[in-house]
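These are the residues of each chain, in order.
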Amino acid sequence: MASVGSYDPPPYPVRVAVMGGGNFGLALSTVLGRKGVPVTLLVRSDDVADHINTEQTHPRYMSDIKLPATIRATIDPAVALTDATYIIHAVPVQFSRDFLLGVRDYIPPGATVLSASKGIETSSLGFMADILRETLGEERGYAFLSGPSFAREICEGVATAVVIASEDLMLAEDLADLMSSDNFRVFTSKDVMGVEVGGAVKNVIALAAGMCEGLGLGTNAMSGLVTRGCGEMRRLGIYLGGKPSTISGLSGVGDTFGTCFGPLSRNRSFGMRLGKGESMQQIRESTTEVAEGVDTSIALVKFIKKKCKGYRLDLKYPILFGVANILEGKQTPREGLVGLMNIPMRMETYNDRH
């Protein structure tokens, strides 16, 4: 896990750059913009940047949401990053390494990075903390935002609670002060690993919950599935050094509930379409939005096999292994969920056996 470099409170006025012009990048830009914080949004397209700067809306994502006037967009990393005091990273995990390598020369040495990306990189099996350390170095502060936070609801001003974790609690507290408002509440934590595990695993559980709904298996089955999935999240988090309180908090169980039961969840929707019989290719070709849980699921099983020691890991993590099998075409959603129902009966909590 990435260590945190030295952190000194930034000079004022604060200037924030947001890397990634998708839904969540827009949402966090809006949170800051409504507090009067100058935000520069780094996007990929000149047309998108021009539209945001002239119309104060994004042409594709949440196009009905008016963005604060304090948000400006650019495709030029030198313009966005060179004078930033804080940088928010909101690029999907699987694209993060190449993106960060492309912009790192423009990031000031003293600028801290807040990651809002969740998952495990398929190539390295690393979390975002590992990717940031390997691309941007050890000598800066890093923090990680997670929790039940749909982008649209944030932009609409609906009450939202999240957590920011950093090994440097002063950094987490400064970021919480910067971002908190009456309807966007930010709690803090030092448990980076627990927050990262929760953010990755919850998307895989949401795929399973969506499949359950797509198959029409009912609320009882879905509730049981999500609860057991949270147990697997807890087991993995503790094994890797995370705290049980983090897994049961906003970034673990809280985010899982939102992602599994919320109508705005991309991962739940992806799983539901799989459960109804659509193929992976059909679903991916019909949307521009990324369901992070798909790539994370397969990477997560490889990660568990590599990092976790013990007998019959598939029985300790049956939902995580089962979802990966479905996504890899080894089972249909119905076969996978029937298989979960046929797991041998044992004590509800695995750790109670010891």
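Each chain carries its own residue numbering, running from 1 in the direction its sequence is written. With the structure being a predicted model, the display of local features is reserved for residues of pLDDT at least 70 and the display and counting of side-chain atom pairs for 80 or more, all residues being used for whole-chain, interface and lining totals. The side-chain values count all of the structure's non-hydrogen atoms but skip hydrogen atoms and water molecules.

J.: Got a minute to help me understand unusual backbone geometry in this structure?
T.: For residues besides glycine, phi is generally negative; the peptide bonds are generally trans as well. Although it is not a glycine, M62 adopts a positive phi angle of roughly 45°. Position of M62 relative to the elements: it lies in the loop between helix 2 (46–55) and strand 3 (71–74). Its identity is not glycine, yet L125 carries a phi of approximately 60°, on the positive side. In this text, helices come from DSSP runs of H or I with a minimum length of four residues, and strands from runs of E with a minimum of two, each type numbered from the N-terminal end.

J.: Would you take a moment to explain the side chain of S149 for this structure?
T.: Tracing the backbone shows S149 in the loop between strand 6 (142–146) and helix 6 (151–155). Polar contacts, as counted here, are pairs of nitrogen or oxygen atoms within 3.5 Å of one another; within protein the pair requires one atom able to donate a hydrogen and one able to accept it, and residues that are adjacent in sequence qualify only if both atoms are side-chain atoms. From its side chain, S149 meets the backbone oxygen of G147 in a polar contact 2.9 Å long. Beyond its immediate stretch of four places on either side in the chain, S149 contacts F24, I154, T160, V162 and D255. Any two residues whose heavy atoms approach within 4.5 Å at even a single point are treated as in contact.

J.: Any chance you could explain the sheet that holds strand 5 (residues 112–115) here in plain terms?
T.: One key point about sheets: their strands pair by backbone hydrogen bonds, in either a parallel or an antiparallel sense. Pairing is mixed in the open sheet, where eight strands are placed in the order 3-2-1-4-5-6-7-8. Bordering the open sheet on either side are strand 3 and strand 8 (184–189), each of which pairs with just one other strand. The mean inter-strand angle of the sheet, taken between neighbouring strand axes irrespective of direction, is 25°. Where helices are involved, their axes are fitted lines through C-alpha atoms of the stretch in contact, as for all axes, and angles between N-to-C directions lie from 0 to 180°. Lying over the sheet, helix 2 contacts strand 2 (39–42) and strand 3, oriented at roughly 160° with respect to strand 3. Along the sheet, helix 8 (residues 192–214) makes contact with strand 6 and strand 7 (160–165), crossing strand 6 at roughly 40°. One bridge is not enough; two strands pair if DSSP finds at least two bridges between them.

J.: Sorry, what's going on with the environment of T259 here?
T.: Structurally, T259 can be placed in helix 11 (residues 250–261). When its relative accessible area of 4% is taken as the criterion, T259 is described as buried. Apart from the residues lying within four places of it in its own chain, the contact partners of T259 are F150, K202, N203, A206, S265, N267 and R268. Only protein chains enter the accessibility calculation, which uses a 1.4 Å probe. A residue is then buried if its area is under 20% of the maximum for its type, exposed if over 50%, and partly exposed in between.

J.: Looking at this model, I keep getting lost on helix 9 (residues 218–239). Mind explaining?
T.: An α-helical segment advances 3.6 residues per turn. Residues three or four places apart therefore align on the same side. With 22 residues, helix 9 should cover 32 Å at 1.5 Å per step; its first-to-last C-alpha distance of 32 Å lies within 8% of that length. At the exit of helix 9 stands G241, carrying a positive phi of roughly 105°. A helix is expected to span 1.5 Å multiplied by its residue count minus one.

J.: What exactly am I supposed to notice about helix 12 (residues 266–275) here?
T.: The buried count for helix 12 comes to seven of 10 residues, which makes it a mostly enclosed element. Within helix 12, burial applies to N267, R268, F270, G271, M272, L274 and G275. Sitting at the head of helix 12, S265 places a side-chain oxygen 3.5 Å from the backbone nitrogen of N267. Where helix 12 terminates, the next one or two residues include G277, which has phi positive at roughly 110°.

J.: Which parts of the structure should I look at to understand the pairing of strand 2?
T.: Put simply, side chains in a regular strand alternate between the two faces of the sheet. On strand 2, burial covers both faces: V39 and L41 on one face and T40 and L42 on the other are all buried. One ladder, built from four bridges, connects strand 1 (residues 16–19) with strand 2; its direction is parallel. Across the sheet, V18 pairs through a bridge with L41, a residue of strand 2. Handedness of a crossover is defined as follows: with both strands directed away from the viewer, a clockwise route from the first strand across the helix to the second makes it right-handed. In the classification by handedness, the crossover that spans strand 1, the intervening helix 1 (residues 23–33) and the parallel strand 2 is right-handed. Inspection of the sheet shows strand 2 paired to strand 3 by four bridges, in the parallel sense. Counted as the bridge partner of L41 is A73 from strand 3.

J.: Would you mind going over the pattern of salt bridges with me for this structure?
T.: For side chains bearing opposite charge, pairing can occur when the charged atoms are close. We define a salt bridge as a contact between a side-chain nitrogen of Lys or Arg and a carboxyl oxygen of Asp or Glu at a distance within 4 Å. Within this structure, the stated rule accounts for 15 salt bridges. The salt bridge partner of E138 is R133, with a shortest N-O separation of 3.6 Å. Here R273 makes a salt bridge to E278, at a shortest N to O gap of 2.9 Å. Looking at R273, the relative accessible area reads 25%, which means it is partly exposed. Each member of the salt-bridge network shares a partner with another, and the members are R97, E121, D130, R133, E134 and E138.

J.: Looking at this model, I keep getting lost on the pairing of strand 7. Mind explaining?
T.: Of all six residues making up strand 7, five are buried, and the element is well covered by its neighbours. Crossover strand 7 to strand 8 through helix 7 (residues 169–179) is right-handed.

J.: Explain the nonpolar core here, please?
T.: Membership of the largest hydrophobic core comes to 46 residues, with the highest contact counts inside it found for V201, L236, L300, I304, Y317 and V323. Mapped onto this core, the elements with two or more residues apiece are helix 8, helix 9, helix 11, helix 12, helix 14 (292–307) and helix 16 (318–327). Beyond its immediate stretch of four places on either side in the chain, L300 contacts I120, V201, V204, L236 and L320. Buried Ala, Val, Leu, Ile, Met, Phe, Trp, Tyr and Cys residues form a nonpolar core when they are joined through side-chain atoms within 4.5 Å. Of all hydrophobic cores here, the second largest spans 41 residues; its members include F24, I52, Y61 and V162.

J.: Got a minute to help me understand the packing of aromatic side chains in this structure?
T.: The geometry of an aromatic ring pair comes down to the distance between the two centres and the angle between the two planes. Classification of ring pairs rests on two measures: the distance between centres of Phe, Tyr or Trp rings, Trp counted by its six-membered ring, which must be within 6.5 Å, and the angle between planes, read as stacked under 30 degrees, edge-to-face over 60 and tilted in between. This structure, assessed with the given rule, holds two aromatic pairs. Arranged with centres 5.5 Å apart and planes meeting at 75°, the rings of F127 and F303 form a pair that is edge-to-face. In this pair, F127 is assigned in the loop between strand 5 and helix 5 (128–136) and F303 in helix 14, connecting sequence segments 176 residues apart. Whether a charge sits over a ring comes down to the Lys NZ or Arg CZ being within 6 Å of the ring centre and within 35 degrees of the ring normal. When the ring centre of Y61 is taken as reference, the NZ or CZ atom of R60 above it lies at 5.9 Å. Above the plane of the ring of Y317 lies R235, whose end atom (NZ or CZ) is 5.9 Å from the centre.

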